[in-house]
Amino acid sequence: MIAALTITKFRGINIPFAFLGMAILRIPLWLNRDCRFWKLMGSGKDAQVDLAPDFKHWAIITTWENKESCDHFYATSFPVKWFRFFGFEEFTILLKPLSSHGLWSGKQPFKSDQNYKPNTRKIAVITRARINFSKLKEFKSNIKRAADQMKKSDGFILSAGVGENPLLDQATFSIWENAESMKNYAYKSFDHADIIKLTRERKWYSEDLFARFEILQMQGIFNGKAVDDYIPFRETNTNNN
């Protein structure tokens, strides 16, 4: 299986076409028999983990049984052409699922081969949750500290916040130097570990998913910077000292 994520930035004058695309692009995606799963999504402020919506950044995630179907979609499909015509900055990453737990809209979208051995140490992670409305205030008051801690963690490279709903359906995409760095942040950093504990105790989510991926291909511009130029946070600190 191949998963593909594209985040596109629209100029202010083209934002109405981004909103329109969220409505009409569902039809060709729904009719595409090769596409196993898809979501059209908005993003947080500056395409980051933030409950405040950013109307300039929009995203699409799809899954495919093979790379040929994925490549054909990106070469010929109406949704991709729409994003590229009205957008001016695009980041696309192709991913191979390594493990996935939980559900997204009642489905398990990322099928993995347990016997597969990744070819690189660098990994990507998607976490997604549907927040209980009654817990939204608690979630909102806590999530920012976890996002801030992530950007300060060793091995962190890049992150984005997306979702189908700007308040209740939230997904975080992140890239890490290796699995150890990601696990250290998830389970050993105080802020994130504390939020995991609160999530379970306070039952913030009605549905959640955690998935890890091998990065097959990554290209484009994200927040004005070529994705190949992103380096781990700790290296940035070293260079600035």
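Above this text sits the structure in question.
If you're wondering where the values come from, they're calculated on a predicted model, not measured in any experiment.

Where helix α3 (residues 67-76) meets helix α4 (residues 78-86), the closest approach of the two axes is 6 Å, and the angle between their N-to-C directions is 50 degrees. The orientation of α3 relative to α4 falls into the category oblique. When you trace α3 past α4, the crossing you get is right-handed. Mapping the contact onto sequence places Phe-73, Tyr-74, Ala-75 and Thr-76 in α3 and Phe-78, Pro-79, Val-80, Lys-81 and Arg-84 in α4. Residues that form the contact of α3 with α4 fall into these classes: six nonpolar, one polar and two charged.

Two side chains bearing opposite charge may form a pair once their charged atoms approach each other closely. For the structure on display, the rule yields 10 salt bridges. For Arg-128, the salt bridge is made with Glu-207, and the minimal N-O distance between the two is 2.4 Å. Linking Arg-128 in strand β5 (residues 123-131) with Glu-207 in strand β8 (residues 205-222), this pair joins segments that are 79 residues apart in sequence. Per residue, the accessibility class of Arg-128 equals that of Glu-207, and both read buried.

Another point: the pairing of strand β6 (residues 156-165). Counting buried positions over the 10 residues of β6 gives eight, a clear majority of the element. The antiparallel hairpin formed by β6 and strand β7 (residues 169-176) contains three residues in its connecting segment.

The complete set of buried residues in α3 reads Ser-69, Cys-70, Phe-73 and Tyr-74. Relative to the axis of α3, the buried residues are bounded by an arc of 130 degrees and lie together on one face. Along α3, the residues that are exposed and aim more than 90 degrees away from the buried face are Glu-68, His-72 and Ala-75. Among the structural elements, β1 (2-10), α2 (26-31), β3 (53-64), α4 and β4 (87-102) are those in contact with the buried residues of α3. A distance of 3.3 Å separates the backbone nitrogen of Glu-68 from a side-chain oxygen at the start of α3, and that oxygen is part of Asn-66.

Each value, and the rule that gives it
- Residues numbered from 1 in each chain as written.
- Predicted model: local features only at pLDDT ≥ 70, side-chain atom pairs only at ≥ 80, totals over all residues.
- Heavy atoms only, no water.
- Axes fitted to C-alpha atoms, helices over the stretch in contact; angles between N-to-C directions.
- Helix = DSSP H or I, 4+ residues; strand = E, 2+ residues; numbered from the N terminus.
- Parallel < 35°, antiparallel > 145°, perpendicular 65-115°, else oblique.
- Left-handed = near helix turned anticlockwise from the far one by under 90°.
- Contact = heavy atoms within 4.5 Å.
- Nonpolar A, V, L, I, M, F, W, Y, C, P; charged D, E, K, R; others polar.
- Salt bridge = Lys/Arg side-chain N within 4 Å of Asp/Glu carboxyl O.
- Buried < 20%, exposed > 50% of the residue type's maximum accessible area, 1.4 Å probe, protein only.
- Pairing = 2+ DSSP bridges.
- Arc of directions from axis to C-beta.
- Polar contact = N/O pair within 3.5 Å; in protein donor to acceptor, adjacent residues only side chain to side chain.

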